[in-house]
Amino acid sequence: MQEPRRDKRSQARQDGERSEFVDALKNGALVGAALLLFLVPAVRMHKSQQAPQVATAPQVPAQPRSPAPPAARAPVVRLADFRGDEPSAEARLVANWVLTTGNAGRHAFVLVDKRDARVYVFGPEGRLKDSAPALMGAARGDDSFPGIGDKPLAAVRPEEKTTPAGRFVAEPGRNANNEDIVWVSYDLAVSMHRVRPLVARERRLERLASQTTDDNRISFGCINLPVTFYEDVLSPTVQKYGAIVYVLPEVKTAQEVFGAYDVTDPQQAAAAAQVRAQKAAVAPSALRQVALTANR
């Protein structure tokens, strides 16, 4: 009967020994942790004191890179629809160029061919609405004289009666007699309006009706049109869409005046694309130079 009691004492002794061992381990772990907390910062401080000092360059903010200019692509060729009319080669060239390059935007456009004494009105899509003969400035030339817009008609000299070539934004307006007109250039006092047979000896109606173009040079610079063409075609088109007016030159070239080229000629189209690419490359560079100058 004593054997079980002896076993219990032995078990208690073993349990006591394990408890002491565990306590020793715990105490050792606590001491080790305390040593680590003390030693690690000291070691780091020692290493930092021994590390050589290396000089570093100041950080300069990187300059933003200008985006690369987009590759110049030849625009899709779009040809104006003259609906059976036979325009001059230059009128066709300019009409095709306007349409292909989108030079008139979403507006209608009007071609005034001084050499042929004819006006063409196109819708925004490039389809001819109609054309008609016209009377032009009596003097040949592509430029206006300085101050011509402020001169009274009686003071305008014969050589100053030119219809200037160029690209103009059409503007509906009224003249001094309260007659509706379409301004080609208000500053230059050049407009498109109904023909006015006010001076019998000028025979303006007869000049419009003739088959030749030599007698169509009679005005002070304005573009005189048949009444029905003005009222039924030109004026409603300008009112509805707005219009860009291209007065073709008779001394200069369309290239000189508009920068126009034959869009159906691959070589001319390639040369125009190269010019556009050069302009696209120069523009960001110029802007960057302005920004650098401003930051100085």
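Parameters and conventions
Residues numbered from 1 in each chain as written. Predicted model: local features only at pLDDT ≥ 70, side-chain atom pairs only at ≥ 80, totals over all residues. Heavy atoms only, no water. 1 Å grid on protein atoms, 1.4 Å probe; cavity = no way out; pocket = protein on both sides within 12 Å on 5 of 7 lines; lining within 4 Å. Points joined across faces, edges and corners; volume = space filled by probe spheres on them. Helix = DSSP H or I, 4+ residues; strand = E, 2+ residues; numbered from the N terminus. Nonpolar A, V, L, I, M, F, W, Y, C, P; charged D, E, K, R; others polar. Buried < 20%, exposed > 50% of the residue type's maximum accessible area, 1.4 Å probe, protein only.

Draft legend 1. A look at the layout of surface pockets. Put simply, the largest pocket is a space of about 820 Å³. Forming the walls of the largest pocket are 30 residues, and the residues nearest its centre are Leu153, His193, Arg196, Phe220 and Cys222. Looking at the lining of the largest pocket, the elements with two or more residues in it are strand E7 (180-185) and strand E8 (190-194). The element contributing the most residues to the lining of the largest pocket is E8, with 3 residues. Among the residues forming the lining of the largest pocket, the class breakdown is 14 nonpolar, 10 polar and 6 charged. Here the second largest pocket defines a volume of roughly 260 Å³. Considering the residues around the second largest pocket, the lining is formed by 13 residues, among which Trp97, Gly259, Tyr261, Ala272 and Arg276 are closest to the centre. Those elements giving two or more residues to the lining of the second largest pocket turn out to be helix H2 (89-101), helix H5 (254-258) and helix H6 (266-295).

Draft legend 2. Seen up close, unusual backbone geometry. If you check the backbone angles, Ala117 has positive phi at about 50° while not being a glycine. With respect to the helices and strands, the residue Ala117 is situated in the loop between strand E1 (108-113) and strand E2 (118-122). Overall, Ala117 belongs to the buried group, its relative accessible area being 3%. Its identity as a non-glycine residue notwithstanding, Asn178 has a phi of 65°, on the positive side. Looking at where Asn178 falls in the secondary structure, it is placed in the loop between strand E6 (171-174) and E7. A relative accessible area of 53% means that Asn178 is categorised as exposed.

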